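Below are the chains, spelled out letter by letter.
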Amino acid sequence: MTDAKHSASLHPRLTEAMRMPRIAIESSEPVIDGGRFAAKGIVGQPVSVTSKIFADGHDKLAAAVCWRIKGESSWRRARLKALVNDSWEGHFTPTQVASHEFMIEAWWDVFESYRYELSKKHAAGVPISVELEEGKRHLQRAVERAQGEVRAALSDLLHRLETAHLEDERVSVLLAEETAVAMAAADPREHCSRSPVYPLEVERVRAQFASWYELFPRSETDDPNRHGTFRDVHKRLPSIRDMGFDVLYFPPIHPIGRKHRKGPNNSLEAGPSDPGSPYAIGSEEGGHDAIHPQLGTLEDFRDLVRAAAEHGLEIALDFAIQCSPDHPWLTEHPGWFSWRPDGTIKYAENPPKKYQDIVNVDFYAEDALPGLWLALRDVVWHWVEQGVKMFRVDNPHTKPLPFWEWLIADIRERDPDVMFLSEAFTRPAMMARLGKVGFSQSYTYFTWRNTKAELAEYFGQLNEPPLRDCYRPNFFVNTPDINPFFLQESGRAGFLIRAALATMGSGLWGMYSGFELCEAAAIPGKEEYLDSEKYQIRPRDYHAPGNIVAEIAQLNRIRRQNPALQTHLGFQPYLCWNDNILYFGKRTADRSNFILVAISLDPHNAQEAHFELPLWELGLRDDAQTQGEDLMNGHRWSWYGKTQWMRIEPWHLPFGIWRLTAEQVDPDLK
């Protein structure tokens, strides 16, 4: 090939190379799977953005994060700050619950590069007459392209530069911080490079900070032979509020099928008065958009939603995509189900568990597309129209991921205040993916983390990418399906231990009614409740001796009063020389709210240990004096030095929660 032909063949590649960005923007966060999914944000809270930004040569760079609500035409901008090793960091604060997007811009900071060179030469005593003329021309060009207040400020600076008689005076003008600020505002952003545009889903505060309380409305009765109603639930609202909860969650409230109805303790034979499992949804009275007639009417439900709101409580409903064999859909839409050759439907299974009273829909049956998907979307929207904005979704990992991605986006486009809690106890990748496709918060492995090493490792994982940006953990201490082995054997102290771990470990936590009474009776050898409320009505005396109502109320009060505890982020384990005590800190980014938590994991014996106060995080020396406050009882004291000692007695309180403050911070150690 001749040189001319070779040159011609390379010309398109050369043209492309000359147009490529000169500045590299890499490893940006928060970004999920390269921007395939939206990272999570909270309205009114800063979003921290980091990136690696670099280019050839030694000239100074500048960078900014640009953000907007999805669909807007213009961008808002905030400058990024250069750290070390090409790392840059900045923040922006979304002010609206909506889908957002952001990108990063980087460019040659010509004037900052000039200022850097000028300062070095001036300090070295090198002649700088040419550099001063260069600075004057920088200002002149900036005045020509600037407008408004920026132009006025630059014009004033240029006048001061031109009328200065001494060289040091001109240098002072050119190196002044006000000059740098004005020139940055008029920067032409040469060789500007842009990252891809990344999505960010901004939700309301309860997506990150909320306390959930679960109850069966039918059990709000004083007689196991009388079915509770929505009207009965009204009487519980003040006590649930006073315990500090702000979300009241109901298992399914729909009509329950008769065919294969389960009896007490999941028995296959139900008596005529047995209520059945509320998860066997559907009967001749209706399906997923209907209310069990013994609970009340739709207007009764709306009244309850309104009454709960007056007590600061938001009603959350269970969205369980399963049907009893009596569900109207089986006759109205038989093509939405998979039928055996003998004309029967296989009941649901989750080996070794069997659910003979439940059948599942077939999302990809020929007749189910798109009718089934639309019908399920309409079910959710029906309850949104009744005032429900929070849904706990039963076993979402057994339904198609594309379905969830579509449904959640569709609902949130109509009402961005709607949130979904994923009840998925399954493989880690699937649990994370559900967070990515749109679930606002998620059940976790917290229930089965018991040792110090397990808990510290898991809390740490939740604070690191990618989980940090796509997965908000809701630490439920128990559920109607899960009676943890730890609680079965640990007594009242064990319930307090798990409550402290949940409330201090995450901004989201939940408990199923009966936990405050330390209910622990189990089916031998199983993590299941004896006489499970899923299959029978369970009246309770919520003032029974031995309850932990007051302690739960105080834990929730502490959470509300301390911003550091309103998220799972900010967790940091610290040294404590006892493997039976989990000792960690939760702190805000500016360290203005610094909470220390020490929880004994032994519900039976006293534990003691030396531990370290994290004085280095407050910029203090190892011999500094700090102030401690016990947030459970209000006691205050002074600590002297870094190494301290504790003793925890579970028969009193198996944990300590302390607010750490320092009277004076050493600026030399900041």
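Residues numbered from 1 in each chain as written. Predicted model: local features only at pLDDT ≥ 70, side-chain atom pairs only at ≥ 80, totals over all residues. Heavy atoms only, no water.

> When you look at the overall build of the protein in this model, what are you seeing that I'm missing?
Scanning the protein for helices and strands turns up 17 helices and 28 strands. When the backbone C-alpha atoms are referred to their principal axes, the protein occupies close to 100 × 70 × 50 Å. The long-range fraction of contacts in the protein, counting pairs at least 24 apart against all pairs at least 6 apart in sequence, stands at 75%. Surface exposure of the protein reaches about 30300 Å², of which carbon and sulfur atoms provide 50%. Side-chain charges in the protein split into 75 positive and 94 negative, and the spacing between the mean points of these groups amounts to 2 Å. (Helix = DSSP H or I, 4+ residues; strand = E, 2+ residues; numbered from the N terminus. Contact = heavy atoms within 4.5 Å. Areas by Shrake-Rupley, 256 points an atom, 1.4 Å probe, with all protein chains shown as cover. Lys, Arg positive; Asp, Glu negative; His and termini not counted. Charge placed at Lys NZ, Arg CZ, Asp CG, Glu CD.)

> Looking at this structure, I do not really get the UniProt feature "domain: Glycosyl hydrolase family 13 catalytic" (unreviewed entry) in the protein. What am I missing?
If you check UniProt for "domain: Glycosyl hydrolase family 13 catalytic" (unreviewed entry), the listed places come out as residues 214-559 in our numbering. Helix makes up 33% of residues 214-559 and strand 12%, and the two end C-alpha atoms of the span are 19 Å apart. (UniProt positions renumbered as here; feature names shortened; annotations may be inferred.)

> What is the right way to read the side chain of serine 113 from this model?
Within the element layout of this structure, serine 113 appears in helix H2 (residues 110-124). Polar contacts involving the side chain of serine 113 include one to the main-chain amide nitrogen of lysine 60, which spans 2.7 Å. With near-sequence residues (within four places) excluded, serine 113 lies in contact with Asp59 and Lys60. (Polar contact = N/O pair within 3.5 Å; in protein donor to acceptor, adjacent residues only side chain to side chain.)

> I keep staring at the packing of helix H16 (residues 485-505) against helix H17 (residues 549-561) and nothing clicks. Help me out?
If you want to describe how two helices pack, look at the angle between their axes and the distance between the axes. Across the interface, H16 lies against H17 with an axial gap of 10 Å and an inter-helix angle of 15°. Compared by their axis directions, H16 and H17 come out roughly parallel. The interaxial crossing formed by H16 with H17 has right-handed handedness. On the side of H16, the interface is formed by Arg492, Leu496, Ala499, Ala500, Ala502, Thr503 and Met504, while H17 contributes Glu551, Leu555, Ile558 and Arg559. (Axes fitted to C-alpha atoms, helices over the stretch in contact; angles between N-to-C directions. Parallel < 35°, antiparallel > 145°, perpendicular 65-115°, else oblique. Left-handed = near helix turned anticlockwise from the far one by under 90°.)

> Is there a simple way to think about the pairing of strand E26 (residues 636-640) in this case?
Here is the key point about a regular strand: its side chains alternate between the two faces of the sheet. Bridging between strand E25 (residues 625-630) and E26 involves five bridges; their strand directions are antiparallel. In the strand pairing of E26, glycine 628 is matched with tryptophan 637. The antiparallel pairing of E25 with E26 creates a hairpin that spans five residues between the two strands, and glycine 634 there sits at a positive phi of about 85°. (Pairing = 2+ DSSP bridges.)

> It is not clear to me how the pattern of salt bridges should be interpreted in this structure. Could you clarify?
Pairs may arise between side chains of opposite charge once their charged atoms sit close together. For the structure shown, the criterion picks out 50 salt bridges. Two residues, arginine 306 and glutamate 299, come together in a salt bridge whose shortest N-O distance is 2.8 Å. Between aspartate 622 and lysine 642 there is a salt bridge; the shortest N-O distance is 3.5 Å. Here aspartate 622, found in the loop between strand E24 (607-612) and E25, pairs with lysine 642, found in the loop between E26 and strand E27 (643-648); they are 20 residues apart in sequence, far enough to count as distant. Note on aspartate 622: relative accessible area 46%, which makes it partly exposed. Where salt bridges share partners, they join Arg231, Glu299, Asp300, Arg302, Asp303 and Arg306 into one cluster. (Salt bridge = Lys/Arg side-chain N within 4 Å of Asp/Glu carboxyl O. Buried < 20%, exposed > 50% of the residue type's maximum accessible area, 1.4 Å probe, protein only.)

> Looking at this model, I keep getting lost on the packing of aromatic side chains. Mind explaining?
Two numbers describe a pair of aromatic rings. These are the distance of the centres and the angle of the planes. Tallied over the full model, the rule gives 42 aromatic pairs. Judged by centre distance (5.3 Å) and plane angle (85°), the ring pair of phenylalanine 459 and phenylalanine 571 falls under edge-to-face. On the criterion of sequence distance, the pair formed by phenylalanine 459 in helix H14 (residues 452-462) and phenylalanine 571 in strand E21 (residues 571-573) is long-range, its members being 112 residues apart. Judged by its relative accessible area of 2%, phenylalanine 459 falls in the buried class. The class for phenylalanine 571 is buried, based on a relative accessible area of 8%. Note on tryptophan 639 and tryptophan 658: the rings are 5.9 Å apart at their centroids and 75° apart in plane angle, and the pair reads as edge-to-face. (Phe/Tyr/Trp six-rings, centres within 6.5 Å; stacked < 30°, edge-to-face > 60°.)

> Is there a simple way to think about the environment of leucine 313 in this case?
Mapped onto the elements of the fold, leucine 313 is located in the loop between helix H9 (298-310) and strand E13 (314-319). In this structure leucine 313 comes out as buried when scored by relative accessible area, which is 3%. Those residues in contact with leucine 313 that lie beyond four places of it in its chain are Leu237, Ile240, Arg241, Phe245, Asp246, Val247 and Ala308.

> Would you mind showing me how to read the pairing of E13 here?
Summarising burial for E13: six of the six residues are buried, a large majority. Alternating positions in E13 separate into two faces, Glu314, Ala316 and Asp318 on one and Ile315, Leu317 and Phe319 on the other, with burial throughout. Across four bridges, strand E12 (residues 247-250) lies against E13 in parallel orientation. Residue pairing for E13: phenylalanine 250 is matched across the bridge by leucine 317. In terms of handedness, the path from E12 via H9 over to E13 forms a crossover that is right-handed. Taken together, the four bridges between E13 and strand E16 (residues 390-394) define a ladder with parallel strand orientation. Each residue of the ladder has a partner; that of leucine 317, found in E16, is phenylalanine 391. (Right-handed = clockwise from strand over helix to strand, strands pointing away.)

> Even after reading the chapter, I still don't get the sheet that holds strand E22 (residues 581-587), so can you show me in this structure?
Pairing between sheet strands relies on hydrogen bonds along the backbone, with the strands arranged either parallel or antiparallel. Ordered by their spatial adjacency, six strands build an open sheet running E21-E22-E23-E28-E25-E26, and the pairing between neighbours is antiparallel. Strands at the two margins of the open sheet, each flanked by one partner only, are E21 and E26. When strand polarity is set aside, the average angle formed by the axes of neighbouring strands in this sheet is 30°. Those strands touched by H14 are E21 and E22, and its axis lies near 20° from that of E22.

> Help me understand the UniProt feature "binding site: alpha-maltose 1-phosphate" (unreviewed entry) in the protein, please; the structure alone is not making it clear to me.
UniProt annotation of "binding site: alpha-maltose 1-phosphate" (unreviewed entry) refers to Lys262, Gln322, Asp357, Asn395, Lys534 and Tyr535 when read in the numbering used here. Its location among the elements puts glutamine 322 in the loop between E13 and helix H10 (328-332). Among the residues examined, glutamine 322 registers a relative accessible area of 7% and is labelled buried. A distance of 3.3 Å separates the side chain of glutamine 322 from the backbone oxygen of tyrosine 279, its partner in a polar contact.

> Explain H9 to me, please; I cannot follow it from the model alone.
Note: α-helices contain 3.6 residues per turn, so residues at a spacing of three or four share the same orientation. Over its 13 residues, H9 extends 19 Å from the first C-alpha to the last, a length consistent with the 18 Å expected when each residue adds 1.5 Å. Those residues of H9 not exposed but buried are Asp300, Phe301, Asp303, Leu304, Val305, Ala307 and Ala308. Contacts from the buried residues of H9 go to helix H7 (230-234), helix H8 (237-242), E12, E13 and helix H11 (371-385). A positive backbone phi angle near 75° is found at glycine 312, which sits one or two residues after H9. (Expected span 1.5 Å × (residues − 1).)

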